[in-house]
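The chain contents come next:
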Amino acid sequence: MGGLNFEIGSYLAASRHFARTTEHCLTPSHQLTLFKHNVRTSIASGTVSQIPSFVDKAEKISLYNQKEDPNLVALFKFGCALAALKCNRYYEAARKFIDVPLEGLKELNDITS
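Presented here is an overview of the structure given in this document. (Residues numbered from 1 in each chain as written. Predicted model: local features only at pLDDT ≥ 70, side-chain atom pairs only at ≥ 80, totals over all residues. Heavy atoms only, no water.)

1. Some points on helix α3 (residues 28-45)
Right, so step 1: For α3, spanning 18 residues, the distance from its first C-alpha to its last is 26 Å, which sits close to the expected 26 Å at 1.5 Å a residue.
Right, so step 2: Taken together, the buried positions of α3 are Leu32, Leu34, Phe35, Asn38, Val39, Thr41, Ser42 and Ile43.
Right, so step 3: One or two residues past the end of α3 sits Gly46, with phi positive at roughly 90°. (Helix = DSSP H or I, 4+ residues; strand = E, 2+ residues; numbered from the N terminus. Expected span 1.5 Å × (residues − 1). Buried < 20%, exposed > 50% of the residue type's maximum accessible area, 1.4 Å probe, protein only.)

Now the structure itself:
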């Protein structure tokens, strides 16, 4: 349901559905997918202040490293950079934007447009 709401542009409903499914994610890959959807929804809705907590949780499940999925790493780093920009931490945002890997820009183009 969250994916459907995201596709039709109802970002608030999508984030509610993703929040409800948190306890049903049993495997680390499912949790990582949920964090990915949460970050995408936060970027699309403009509520980027929640993104660092999602990225911290993704790091704790130990699947967040640069050898796993470059698109996912780029999404998480881009989201953290947007959150820093929203909080007026420009130097930190600039450093985080520089750290976004170029391999993940394909998916980010779809999200940011």
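2. Details of the packing of α3 against helix α4 (residues 51-60)
Right, so step 1: Running from N to C, α3 and α4 cross one another at 165°; their axes reach a closest spacing of 10 Å. Relative to α4, the element α3 is oriented roughly antiparallel. Where α3 crosses over α4, the two elements pack in a sense that is left-handed. On the side of α3, the interface is formed by Leu32, Phe35, Asn38, Val39, Ser42 and Ile43, while α4 contributes Ile51, Phe54, Lys57 and Ala58.
Right, so step 2: Within the contact of α3 with α4, the residues separate by chemical class into seven nonpolar, two polar and one charged. (Axes fitted to C-alpha atoms, helices over the stretch in contact; angles between N-to-C directions. Parallel < 35°, antiparallel > 145°, perpendicular 65-115°, else oblique. Left-handed = near helix turned anticlockwise from the far one by under 90°. Contact = heavy atoms within 4.5 Å. Nonpolar A, V, L, I, M, F, W, Y, C, P; charged D, E, K, R; others polar.)

3. Focus: the nonpolar core
Right, so step 1: Grouped together as the largest cluster of nonpolar side chains are 18 residues, with contacts concentrated most on Leu32, Phe35, Val39, Ile43, Ile51 and Phe76.
Right, so step 2: Secondary structure elements with two or more residues in this core: α3, α4 and α5 (70-86).
Right, so step 3: The leading source of residues in this core is α5, at seven residues.
Right, so step 4: Setting aside residues no more than four positions away along its own chain, Val39 makes contact with Ile51, Phe54, Leu75 and Phe76. (Core = buried A, V, L, I, M, F, W, Y, C linked by side-chain atoms within 4.5 Å.)

4. Observations concerning helix α2 (residues 11-20)
Right, so step 1: Buried within α2 we find Ala13, Ala14 and Phe18. What you see down the axis of α2 is that its buried residues fit within an arc of 135°, all on one side. What points out from α2, more than 90 degrees from its buried face, is the exposed set Leu12 and Arg20. (Arc of directions from axis to C-beta.)

Limitation: the analysis is restricted to geometry and does not speak to function.
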